[in-house]
Each structure stands twice: as C-alpha cells, then as structure tokens.
Amino acid sequence: MTAAPCGLDYSRSVLELAVDLLGATVRHGACAGRIVETEAYHDSEAACHAHVGLTPRTHVLFGPPGRAYVYRSYGIHALLNAVAEPEGVGAAVLIRALEPLDGIGEMQARRRRERPEELCSGPGKLTQALGIDLAQNATDLATGPVRIEPRTGFAPDHLAAPRVGITKAAELPWRFCERGSRFVSRPWPPGLRGG
DNA sequence: CATGGGATTGACT
DNA sequence: GTCAATCCCATGC
C-alpha cells in the first residue's frame with residue numbers, strides 16, 4: 001500500500017502531473033468539477049506551443065510551475081492548462097474534461113445545456129461552464145481565482161491514448177482519461193473502452 | 001504591416 | 001460525414 005498523496009507537485013514531469021491531476025478538483029467561483037481527462041504538452045515536441053521557444057505567448061509556459069496558462073483557441077474558446085516542470089522548461093497539462101460537482105445551475109446557464117454530460121466534456125466547454133477566460137492567464141492555481149485542489153485518496157484507474165485535435169506529434173499517447181467516465185470529451189475507440 | 005494557422009464546438013447534409 | 005465562426009499571435013516581408 002502506498003500513501004495517498006497530500007499535494008500536487010507541479011514541478012515534476014508533465015506526464016506524471018497529467019496523471020496526478022486526474023481526480024483533482026478545479027474550482028472557479030461557485031463552480032467546481034473533478035478532472036477526468038488531461039493531455040500533456042512539452043517544448044520538446046512540436047504540438048506544444050512552447051516548441052517555438054520563448055515568445056510573449058509562451059512566456060507563462062516557461063515560467064514557474066503551478067500557474068494557469070489560458071489561451072484562445074480557434075478565435076472562440078479559452079483553453080485551461082496547468083504549467084508544469086521547473087522554470088525554464090515549457091510544459092503544461094491541458095485540462096480537457098470535468099465531472100461537474102458544484103454550481104451546476106450556473107454551468108447550465110452559461111452553457112445553455114441541461115445534461116451534466118454536456119457541461120464540461122471538452123476543453124472549451126469546461127472553461128465556458130466555469131466562466132474561465134484569458135483574464136485568468138498566468139494566475140496561480142493554488143492561490144488565484146482558478147484553483148486546483150489535489151485529490152484525496154488514490155489515483156483513479158486511467159487509460160492513455162493519442163492526443164486529440166493536433167497534427168504534429170500526433171502519435172504520442174499523452175492523453176489520459178479516467179477509465180469508464182461518461183464525462184470525457186469523446187468516447188474511446190472501439191476495443192479500448194473499459195480497457 | 002499582411003498573412004495564415006489552429007490543443008474546438010455546434011449546426012447542418 | 002462537412003463546415004464556418006472568430007481572434008491571438010508567430011512569422012515573413
């Protein structure tokens with residue numbers, strides 16, 4: 001038996017952090033959800049924004065671990081990441097899906113959807129549901145407006161698979177989902193389901 | 001300064 | 001299955 005972790009170490013390997021964030025809670029205002037899907041990004045591979053080096057956009061990624069990296073995707077959506085690894089390394093974990101916990105009425109109003117499965121089952125959906133936008137970029141995830149509370153107890157059983165929606169470094173299995181969750185952004189390929 | 005490309009989503013055929 | 005919405009920012013001239 002290993003001891004249950006009592007905190008999150010954002011400075012560790014982005015792959016380890018991506019798994020460790022499964023089961024953690026994201027909270028913003030009155031809304032909160034349990035992380036059921038993550039993806040890892042690292043400056044050593046081409047899908048990561050930090051791959052181009054230090055620019056105004058990637059400044060946060062290369063900064064201290066444990067901060068939020070929020071950026072606009074396709075001109076429409078805000079996507080939430082947790083910066084990982086020591087300062088000087090550009091790496092982050094993309095939060096891709098949550099299981100809604102608190103403030104569900106508020107999430108339903110923002111999303112204009114009723115079903116819990118449609119509130120946070122995607123990286124753009126969960127930021128809309130929780131009211132997270134670019135104003136929260138670079139804020140501290142332990143003390144800032146957007147907080148991540150470590151899970152209590154053991155890590156959920158999970159599956160690894162290739163990341164979604166990228167064209168570069170698409171072969172790396174750096175997507176992690178809680179096994180059996182109905183709140184993930186999209187179903188697993190046939191044959192992998194239930195693992 | 002002009003251009004092009006997205007770590008997406010929802011509506012539609 | 002296809003496709004448009006819409007904006008930040010990296011890149012190139």
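All of these numbers come straight from a predicted model, not from anything done at the bench.

1. What about the overall build of chain A?
Stage number 1. Secondary structure summary: chain A contains 4 helices and 8 strands in total.
Stage number 2. Reading chain A from its N end, one meets helices and strands in the order α-β-β-α-β-β-β-α-α-β-β-β.
Stage number 3. Its C-alpha atoms give chain A a radius of gyration of 16 Å, within 12% of the compact-globule value 16 Å for 195 residues.
Stage number 4. By its C-alpha atoms, chain A is 40 × 35 × 35 Å across when sized along the principal axes.
Stage number 5. With 195 residues in all, chain A has 49% of them scored as buried.
Stage number 6. Excluding contacts between residues fewer than 6 apart, the proportion of contacts in chain A whose partners are at least 24 apart in sequence is 60%.
Stage number 7. Just so you have it, chain A exposes about 9,100 Å², and 54% of that area is on carbon and sulfur atoms.

2. Brief notes about the nonpolar core
Stage number 1. In this structure, Leu-21, Leu-130 and Ile-148 are the most contacted members of the largest nonpolar core, which totals 35 residues.
Stage number 2. Sorting the residues of this core by element identifies helix H1 (14-20), strand E2 (31-42), strand E3 (68-73), strand E4 (77-83), strand E5 (91-102), helix H4 (123-130) and strand E6 (146-149) as the ones contributing at least two each.
Stage number 3. Among the nonpolar cores identified, the runner-up in size contains 14 residues, and Ala-50, Val-60, Phe-62 and Tyr-69 belong to it.

3. Thoughts on the protein's contact with DNA strand C
Stage number 1. Lining the immediate surroundings of DNA strand C are Val-52, Thr-55, Pro-56, Arg-57, Arg-72, Tyr-74, Gly-75 and Ile-76.
Stage number 2. Each atom of DNA strand C within 4 Å of the protein was assigned to sugar, phosphate or base; sugar and phosphate come to 64%.
Stage number 3. Note that a phosphate oxygen of DNA strand C is positioned 2.7 Å from one of the side-chain N or O atoms of Thr-55.
Stage number 4. In the environment of DNA strand C, a phosphate oxygen lies 3.1 Å from a nitrogen or oxygen atom belonging to the backbone of Arg-57.
Stage number 5. By residue class, the composition of the surface near DNA strand C is 4 nonpolar, 2 polar and 2 charged.

4. A look at the protein's contact with DNA strand B
Stage number 1. Taken together, 21 residues sit near DNA strand B, with Tyr-71, His-77, Asn-81, Arg-111 and Gly-165 positioned nearest.
Stage number 2. The sugar-phosphate share of atoms of DNA strand B within 4 Å of the protein amounts to 55%.
Stage number 3. Between DNA strand B and Ala-47 there is a distance of 3.3 Å, counted from a base nitrogen to a backbone nitrogen or oxygen.
Stage number 4. Take His-49: an N or O atom from its side chain is 3.1 Å from a base nitrogen of DNA strand B.
Stage number 5. Those elements giving two or more residues to the surface near DNA strand B turn out to be E3, E4, E5 and H4.
Stage number 6. Its residues assigned to classes, the surface near DNA strand B comprises 9 nonpolar, 8 polar and 4 charged.

5. A closer look at the state of the cysteines
Put plainly, a disulfide is one covalent bond tying together the sulfur atoms of two cysteines.
Stage number 1. By the definition in use, this model includes 0 disulfides.
Stage number 2. There is no disulfide at Cys-120, and the cysteine sulfur nearest it, in Cys-31, is 8.2 Å away.
Stage number 3. By relative accessible area, which is 1% here, Cys-120 ends up buried.

6. Quick word on the packing of helix H3 (residues 104-111) against H4
Stage number 1. For the pair H3 and H4, the least separation of the axes is 7 Å and the interaxial angle reads 115 degrees. The interaxial crossing formed by H3 with H4 has right-handed handedness. Across the interface between the two elements, Met-107, Arg-110 and Arg-111 of H3 pack against Lys-125, Gln-128, Ala-129 and Leu-130 of H4.
Stage number 2. In the contact of H3 with H4, the residues fall into 3 nonpolar, 1 polar and 3 charged.

The rules behind these values
Residues numbered from 1 in each chain as written. Chains lettered and ligands numbered in written order. Predicted model: local features only at pLDDT ≥ 70, side-chain atom pairs only at ≥ 80, totals over all residues. Heavy atoms only, no water. Helix = DSSP H or I, 4+ residues; strand = E, 2+ residues; numbered from the N terminus. Rg over C-alpha atoms; globule rule 2.2 N^0.38 Å. Buried < 20%, exposed > 50% of the residue type's maximum accessible area, 1.4 Å probe, protein only. Contact = heavy atoms within 4.5 Å. Areas by Shrake-Rupley, 256 points an atom, 1.4 Å probe, with all protein chains shown as cover. Core = buried A, V, L, I, M, F, W, Y, C linked by side-chain atoms within 4.5 Å. Near = heavy atom within 4 Å. Polar contact = N/O pair within 3.5 Å; in protein donor to acceptor, adjacent residues only side chain to side chain. Nonpolar A, V, L, I, M, F, W, Y, C, P; charged D, E, K, R; others polar. Disulfide = S-S within 2.5 Å. Axes fitted to C-alpha atoms, helices over the stretch in contact; angles between N-to-C directions. Left-handed = near helix turned anticlockwise from the far one by under 90°.

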